Amino acid sequence: MEANYSDRLKNLRKTLGISQDALAEMINCGVASVRRWESGNTQPLPLYQEKIIQLENIDSVNVLKQKGAYLNETR
């Protein structure tokens, strides 16, 4: 079962190790908006969805880099 948007956002933020305040600052929105998104009360406007997707992509690249470093170490 695929996680809903609020769960995905929370998981991303926790994976990045940042607070709601830090996420709000990174994507240039209010922390109250991040709280509403994470609680499932509202969803971000497309502008903020794009910024969040960019953060997801950065996180994916970091995970792949870490796995690549691990593979290089085990060879």
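Residues numbered from 1 in each chain as written. Predicted model: local features only at pLDDT ≥ 70, side-chain atom pairs only at ≥ 80, totals over all residues. Heavy atoms only, no water.

**Student:** How do you make sense of the overall build of the protein chain when you look at a structure like this?
**Tutor:** When its secondary structure is counted, the protein chain shows four helices and zero strands. Start at the N end of the protein chain and walk to the C end: the helices and strands fall as α-α-α-α. Looking at the protein chain as a whole, 28% of its 75 residues qualify as buried. Within the protein chain, counting contacts between residues at least 6 apart in sequence, those at least 24 apart form 47% of the total. Accessible area for the protein chain stands at about 5400 Å²; split by element, carbon and sulfur atoms hold 51% of it. (Helix = DSSP H or I, 4+ residues; strand = E, 2+ residues; numbered from the N terminus. Buried < 20%, exposed > 50% of the residue type's maximum accessible area, 1.4 Å probe, protein only. Contact = heavy atoms within 4.5 Å. Areas by Shrake-Rupley, 256 points an atom, 1.4 Å probe, with all protein chains shown as cover.)

**Student:** Is there a simple way to explain the packing of aromatic side chains in this structure?
**Tutor:** Working definition: an aromatic ring pair is given by the centre-to-centre distance plus the angle between the planes. Applying the stated rule across the entire model yields one aromatic pair. Centre to centre, the rings of Trp37 and Tyr48 are 5.7 Å apart; their planes meet at 40°, and the pair counts as tilted. Residue Trp37 is found in helix α3 (residues 31–39), and its partner Tyr48 is found in helix α4 (residues 46–74); the two are separated by eleven residues along the sequence. Since its relative accessible area comes to 5%, Trp37 is described here as buried. (Phe/Tyr/Trp six-rings, centres within 6.5 Å; stacked < 30°, edge-to-face > 60°.)

**Student:** Can you help me understand helix α2 (residues 20–27) in this one?
**Tutor:** Note on helix geometry: an α-helix contains 3.6 residues per turn, so any two residues three or four positions apart are oriented the same way. Here α2 has its buried residues at Gln20, Leu23, Ala24 and Ile27. An end-on view of α2 places all buried positions within 100° of arc, on one side of the element. Just beyond α2, the residue with positive phi is Asn28, at close to 60°. (Arc of directions from axis to C-beta.)

**Student:** Explanation requested: the pattern of salt bridges in the structure shown.
**Tutor:** Side chains that differ in sign of charge can pair as their charged atoms come close. Evaluated as defined, the whole model comprises three salt bridges. A salt bridge links Asp7 to Lys10, with the nearest nitrogen and oxygen atoms 3.9 Å apart. Here Asp7 pairs with Lys10, and both are found in helix α1 (residues 5–16), just three residues apart, close to one helical turn. Arg13 serves as the salt-bridge partner of Glu38, at 2.6 Å between the closest nitrogen and oxygen. One end of the pair, Glu38, is in helix α3; the other, Arg13, is in helix α1, with 25 residues separating them in the sequence. This pair shows no difference in class: Glu38 is buried, exactly as Arg13 is. (Salt bridge = Lys/Arg side-chain N within 4 Å of Asp/Glu carboxyl O.)

It is worth stressing that arrangement in space is one thing and function is another; only the former is reported here.
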